[in-house]
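Each chain, written out:
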Amino acid sequence: SKGLMDYCISHFYDSENGLFSFTSNKSESLYVKKYELFDNVIPSSNAVIAHVLYRLGLLYDVSNYTSIAEIMLHQFTSQISQSGPYAGKWASLLGFIVSGSPTLAVVGSEAAIFALELKRKTNTQTLICGGIDENIPYLKDKLIAGKTAIYSCKNNTCSAPIYTIEDALKVLNN
């Protein structure tokens, strides 16, 4: 996902207006570039990519990603209250940023099982990451031999290890 995002930034991001266009910089030059901003039956492509950028920025500790997402959101903030359902995905990103980005980091041999169960029992704004090794910055130095540990994290600060789903949910809900 990070490699794909880097490709999108290199070839579709227009730094002059801070948005992603439908046309690659490798494509034939057009008179008008199209930028999708408003949600319709499906969320707008720019709102979706802003969400992905922000979450990847948190997971991989890439400030450029979160900065681009915030620039995109800032351009659309005034439209959120005026556009109602046509700005739902943007409003969701604003809520995610304002809420402090609750994250559950799960690491260990049963990480996939724990993560799936946690996803079923948490709200959609909770970011859940994990695996059997420390492959992203959120998981660095969190692997405990022979155990699956859950860490409740907010604003890049994580709790002590938690070993049951029920205890993790209690911490998250407090």
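Above this note sits the structure.
Parameters at a glance
- Residues numbered from 1 in each chain as written.
- Predicted model: local features only at pLDDT ≥ 70, side-chain atom pairs only at ≥ 80, totals over all residues.
- Heavy atoms only, no water.
- Helix = DSSP H or I, 4+ residues; strand = E, 2+ residues; numbered from the N terminus.
- Buried < 20%, exposed > 50% of the residue type's maximum accessible area, 1.4 Å probe, protein only.
- Phe/Tyr/Trp six-rings, centres within 6.5 Å; stacked < 30°, edge-to-face > 60°.
- Lys NZ or Arg CZ within 6 Å of the ring centre and 35° of its normal.
- Pairing = 2+ DSSP bridges.
- Core = buried A, V, L, I, M, F, W, Y, C linked by side-chain atoms within 4.5 Å.
- Contact = heavy atoms within 4.5 Å.

1. Quick notes on the overall build of the protein chain
And step 1. Across its full length, the protein chain carries six helices and six strands.
And step 2. In sequence order, the protein chain lays out its α and β elements as α-β-β-α-α-α-β-α-β-β-β-α.
And step 3. By principal-axis analysis of the C-alpha atoms, the protein chain measures approximately 60 × 35 × 25 Å.
And step 4. Here the protein chain, with 174 residues, has 43% of them falling under the buried criterion.

2. Considering the packing of aromatic side chains
And step 1. One pass over the full model with this rule turns up five aromatic pairs.
And step 2. The interplanar angle of 55 degrees and the centroid separation of 6.5 Å between the aromatic rings of Tyr7 and Phe12 together place this pair among those described as tilted.
And step 3. The exposure class assigned to Tyr7 is partly exposed, which follows from its relative accessible area of 39%.
And step 4. Between the aromatic rings of Tyr13 and Phe20, the centroid separation amounts to 5.0 Å while the plane-to-plane angle is 50 degrees, which identifies the pairing as tilted.
And step 5. Taken together, the ring pairs connect Phe38, Phe76 and Trp90 into an aromatic cluster.
And step 6. Seen from the ring of Tyr151, Lys142 lies directly overhead, with NZ or CZ sitting 5.5 Å from the centre.
And step 7. If you follow Lys147 out to its NZ or CZ, it ends over the ring of Tyr163, 4.8 Å from the centre.

3. Overview of the sheet that holds strand E3 (residues 103–107)
And step 1. Read across the open sheet, the four strands follow the order E4-E3-E5-E6; overall the sheet is mixed. Strands at the two margins of the open sheet, each flanked by one partner only, are strand E4 (127–131) and strand E6 (157–158).
And step 2. Judged from the five bridges that link them, E3 and strand E5 (residues 149–154) form a sheet pairing that is antiparallel. In the strand pairing of E5, Val107 is matched with Ala149.

4. A closer look at the nonpolar core
And step 1. One finds Met5, Ile9, Phe20, Leu53, Met72 and Trp90 to be the most contacted residues of the largest nonpolar core, which totals 36 residues.
And step 2. Contributing elements (two or more residues each) for this core: helix H1 (2–12), strand E2 (19–20), helix H2 (45–60), helix H3 (63–83), helix H4 (88–98), E3, E4 and E5.
And step 3. A per-element tally of this core places H2 first, with eight residues.
And step 4. Excluding residues that lie within four positions of it along the chain, Met72 makes contacts with Gly18, Leu19, Phe20, Asn46, Ile49, Ala50, Leu53 and Trp90.
And step 5. In terms of nonpolar packing, the next biggest core, distinct from the first, is built from 13 residues, Ile128, Ile165, Leu169 and Leu172 among them.

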